[in-house]
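Understanding the architecture of this molecule
As a plain string of letters, each chain reads:
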Amino acid sequence: MNRIKQLNICIDIDGTVTEPYYWLKRANAYFQTNLKASDITIYDIPQVLGVQPADYQQFYQRYGEILHQESKMRPGASEIVHKLYDAGQKIHFVTAREAKMDKVSAEWLAKNNIPLDSLTLLGHANKVGKAAELHSDVFIEDSYENVIQLASSGFEVLLIDCNYNQGSLPVNVTRVKNWQQIYKIIGRKANRPEELRSAD
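Bear in mind that the values here come from a model prediction, so they are computed numbers and not experimental data. (Residues numbered from 1 in each chain as written. Predicted model: local features only at pLDDT ≥ 70, side-chain atom pairs only at ≥ 80, totals over all residues. Heavy atoms only, no water.)

1. Side note on the packing of helix 4 (residues 77–86) against helix 8 (residues 179–189)
Look at helix 4 against helix 8: their axes get within 9 Å of each other, and the N-to-C directions meet at 15°. Classified by the angle their axes make, helix 4 and helix 8 are roughly parallel. Once helix 4 is placed against helix 8, the crossing between them reads as right-handed. Residues Ala77, Ile80, Val81, Lys83 and Leu84 of helix 4 touch helix 8, and the partners they reach there are Trp179, Gln180, Tyr183 and Ile186. Within the contact of helix 4 with helix 8, the residues separate by chemical class into seven nonpolar, one polar and one charged. (Axes fitted to C-alpha atoms, helices over the stretch in contact; angles between N-to-C directions. Helix = DSSP H or I, 4+ residues; strand = E, 2+ residues; numbered from the N terminus. Parallel < 35°, antiparallel > 145°, perpendicular 65-115°, else oblique. Left-handed = near helix turned anticlockwise from the far one by under 90°. Contact = heavy atoms within 4.5 Å. Nonpolar A, V, L, I, M, F, W, Y, C, P; charged D, E, K, R; others polar.)

Following this line, the structure appears as structure tokens:
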């Protein structure tokens, strides 16, 4: 019988465990736009909205906490993270959110019944240093730019598919459609065939 391997799993929050377009309704109302999820084809939100970064930052300063509080969970995310955690895998959330969003982020994860070993709010998008510090075995992301940066530094990455992260990928990046697929891939890496059966 294969020995179970404990993995360090790093997970982004926005667009990865949250529904990726949760900010769109409030942004449309605030900027008087009428964008749909299918219109969000790049990761740069101000550019998508056709506004200046400073204007979007003003919107985020006003509504950021509310946006994070009311964001919806991606289907299957809570269940799968729970299964991985219960199986002995290390769960580390690593987000570009600013430190002042620490409380609302921790409360949202708890409200949605998501267990974790650590939560890091970097305040910037470069996650390579933290991935190295946490000895990441697999990093789950939705930002194409972050994925390429992590992959270029040698990390294995699972890119959860969104309209805004299309593009060619290095060999150490796998595009996934949902959390069930993530579960199967991590199950194989951890040598847990019984987990693979339960995910079908």
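The discussion continues.
2. Quick look at the confidence of the model for the protein
Model confidence for the protein is summarised by a mean pLDDT of 92, while 94% of its residues fall at 70 or above. Here residues 195–200 is modelled with pLDDT under 50, and outside its nearest four sequence neighbours on either side it reaches 15 contacts, counting other chains as well. (pLDDT = per-residue confidence, 0-100.)

3. Remarks on the packing of aromatic side chains
The full count for this structure, using the stated rule, is nine aromatic pairs. Note on Tyr30 and Phe31: the rings are 4.7 Å apart at their centroids and 80° apart in plane angle, and the pair reads as edge-to-face. Since its relative accessible area comes to 28%, Tyr30 is described here as partly exposed. Among the residues examined, Phe31 registers a relative accessible area of 17% and is labelled buried. (Phe/Tyr/Trp six-rings, centres within 6.5 Å; stacked < 30°, edge-to-face > 60°. Buried < 20%, exposed > 50% of the residue type's maximum accessible area, 1.4 Å probe, protein only.)

4. With respect to the nonpolar core
Core analysis: the largest hydrophobic core is formed by 26 residues, its most contacted members being Ile9, Ile11, Val17, Trp179 and Ile186. Listed by contribution, the elements that provide at least two residues to this core are strand 1 (8–11), helix 4, strand 2 (90–95), helix 5 (102–111), strand 4 (138–141), strand 5 (157–160) and helix 8. Top contributing element to this core by residue count: helix 8, with five residues. Setting aside chain neighbours within four positions, we find Ile9 in contact with Leu84, Gln89, Lys90, Ile91, His92, Val138, Ile140 and Ile186. (Core = buried A, V, L, I, M, F, W, Y, C linked by side-chain atoms within 4.5 Å.)

5. What about the sheet that holds strand 2?
An order of 3-2-1-4-5-6 is seen for the six strands of this open sheet, with the pairing classed as parallel. Where the open sheet ends on each side, the last strands, each with one partner, are strand 3 (118–121) and strand 6 (173–176). Geometrically, the sheet is characterised by an average inter-axis angle of 20° between neighbouring strands, direction not taken into account. Pairing analysis gives four bridges linking strand 2 to strand 3, with the strands arranged parallel. Across the sheet, residue His92 finds its bridge partner in strand 3, namely Ser118. (Pairing = 2+ DSSP bridges.)

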